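What follows is each chain in one-letter form.
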Amino acid sequence: MHISFVILHYLTIEDTIQCIESIQNNIDYDDYSIVIVDNGSKNNTGKILADKYDKVSNIKVILNDINLGFAKGNNIGFQYAKDNLNPDFIVMINNDTIIKQKEFCNQIIKEYNNIKFDIAGPKIISLIDNQLQNPIPVQFKNKEDIKRKLIKFKVLLMLNYIGADTILQTIKRKIKKNISMIDRSNLVDYQLHGSCLIFSKNYVKNYEGLYPETFMYCEEDILKYISIKDNLFMTYLPSIEIYHKEDSATDEVFKKDILKRRFYYRHSIKSCIVLKNMMKK
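Small disclaimer: the values here were computed from a predicted structure and weren't measured.

*Asks:* What is the right way to read the overall build of the protein from this model?
*Replies:* Counting secondary structure elements, the protein contains ten helices and ten strands. For the protein, the residues scored as buried account for 54% of the 281 residues in total. Across the protein, the fraction of contacts at a sequence separation of at least 24, relative to all contacts at a separation of at least 6, is 84%. With an accessible surface of roughly 13700 Å², the protein has 52% of that area assigned to carbon and sulfur atoms.

If you want it as structure tokens, here you go:
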């Protein structure tokens, strides 16, 4: 069974190369391909990757002229794999992830043979604090949840311009820490972390990747909503394992934390509106 890895690259070439090499060196499986999508990097790293892997038969590098955002950028690679590689699975992974598990691909196939999932997520271990990142409690169960989050992001964005958003952010970090400490194995109503998503052939056949109307953030929330709406089987697979560095690309773009937070608020607001409109329909 053929497995295609889709890696979205932006600026941080060391991370991308390390991710690729972790697949090449650690996974004990031969029938796989890697599709790298450079999302309009302005530091020439896309061209460097294209040159580096030009002679590698199972690696394809695609160069986007502009930054299309997370969903559309990944979808370029998803669509290429779907149209050209006939994959049984597409594994969409962030470029700041590392695979150490020798049986990573074999375990995907084994799990699929047992439960026939449409969308799956592995155990994701943070390389920053060693906490588990999958699965995640569902963030938006209805339109009221989105409205509350929109108000919060709009307030934070306004406070950000006067440098006062860090007060509320301190509270948010405490909440996030509490979430990271929960017993994820007992979660019933959950969604999957977007740094690694595994799509089986049924999903690949019927979809073009992620919902394309966001630039960044809420992709996992929208995917969860679609899985419910379309009766797709989404599952968490703790037998599969991956490591995540977190936020390397946005850290590279926004050296000042205040600008990184402003970017997060703005695009979270836009993404929440997208999901709210989907729920209305």
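So much for the structure itself; the text now carries on.
*Asks:* Which parts of the structure should I look at to understand the pairing of strand β1 (residues 3–9)?
*Replies:* On any regular strand, side chains alternate: one points to one face of the sheet, the next to the other face. Burial of β1 is extensive: seven of the seven residues sit out of reach of the surface. On β1, burial covers both faces: I3, F5, I7 and H9 on one face and S4, V6 and L8 on the other are all buried. In the classification by handedness, the crossover that spans β1, the intervening helix α1 (residues 13–26) and the parallel strand β2 (residues 32–38) is right-handed. Where β1 and strand β4 (residues 89–94) come together, six bridges link them in parallel fashion. By the bridge assignment for β4, I3 is matched with F89.

*Asks:* Quick question: what am I supposed to make of helix α5 (residues 143–160) here?
*Replies:* Given 3.6 residues to a turn, an α-helix orients residues that are three or four positions apart in the same direction. Given a rise of 1.5 Å per residue, 18 residues ought to cover 26 Å, and the 25 Å separating the end C-alpha atoms of α5 matches this to within 8%. For α5, the set of buried residues is D145, I146, L150, F153, L156, L157 and N160. Mapping the buried residues of α5 onto a view down its axis gives an arc of 135°, with all of them on the same face. Across from the buried face of α5, at angles greater than 90 degrees, the exposed residues are R148, I151 and M158.

*Asks:* I'm lost on the pattern of salt bridges in this one. Help?
*Replies:* Taken as a whole, this structure holds ten salt bridges when the rule is applied. Of the charged contacts, one joins D145 and R148 as a salt bridge, the two residues approaching to 2.4 Å between their closest N and O atoms. Linking D145 with R148, this pair stays in helix α5, spanning three residues, or about one helical turn. When its relative accessible area of 16% is taken as the criterion, D145 is described as buried. Look at R148 and you get exposed, because its relative accessible area is 51%.

*Asks:* Would you take a moment to explain the packing of aromatic side chains for this structure?
*Replies:* Both the distance between ring centres and the angle between the ring planes are used here to describe each pair of aromatic rings. A complete count under the given rule lists 14 aromatic pairs for this structure. Their ring planes at 85° and their centres at 5.7 Å tell us that F78 and F199 sit as a pair that is edge-to-face. Of the two residues, F78 sits in helix α3 (residues 70–84) while F199 sits in strand β9 (residues 196–200), which places them 121 residues apart along the sequence. The exposure classification of F78 matches that of F199, with both residues buried. Taken together, a centroid distance of 4.4 Å and an interplanar angle of 15° make the contact between Y203 and Y207 stacked. Across the pair, Y207 and Y203 agree in class, each one buried. Through a chain of ring-to-ring contacts, the aromatic side chains of F153, F215, Y217, F263, Y264 and Y265 assemble into a single cluster. Sitting over the ring of Y190, K224 keeps its end group 5.8 Å from the ring centre.

*Asks:* It is not clear to me how the side chain of T235 should be interpreted in this structure. Could you clarify?
*Replies:* On the secondary structure map, T235 appears in strand β10 (residues 234–244). If near-sequence neighbours (up to four positions away) are discounted, T235 is found in contact with I115, F117, I119, A120, G121, Y190 and L192.

Thresholds applied
- Residues numbered from 1 in each chain as written.
- Predicted model: local features only at pLDDT ≥ 70, side-chain atom pairs only at ≥ 80, totals over all residues.
- Heavy atoms only, no water.
- Helix = DSSP H or I, 4+ residues; strand = E, 2+ residues; numbered from the N terminus.
- Buried < 20%, exposed > 50% of the residue type's maximum accessible area, 1.4 Å probe, protein only.
- Contact = heavy atoms within 4.5 Å.
- Areas by Shrake-Rupley, 256 points an atom, 1.4 Å probe, with all protein chains shown as cover.
- Right-handed = clockwise from strand over helix to strand, strands pointing away.
- Pairing = 2+ DSSP bridges.
- Expected span 1.5 Å × (residues − 1).
- Arc of directions from axis to C-beta.
- Salt bridge = Lys/Arg side-chain N within 4 Å of Asp/Glu carboxyl O.
- Phe/Tyr/Trp six-rings, centres within 6.5 Å; stacked < 30°, edge-to-face > 60°.
- Lys NZ or Arg CZ within 6 Å of the ring centre and 35° of its normal.

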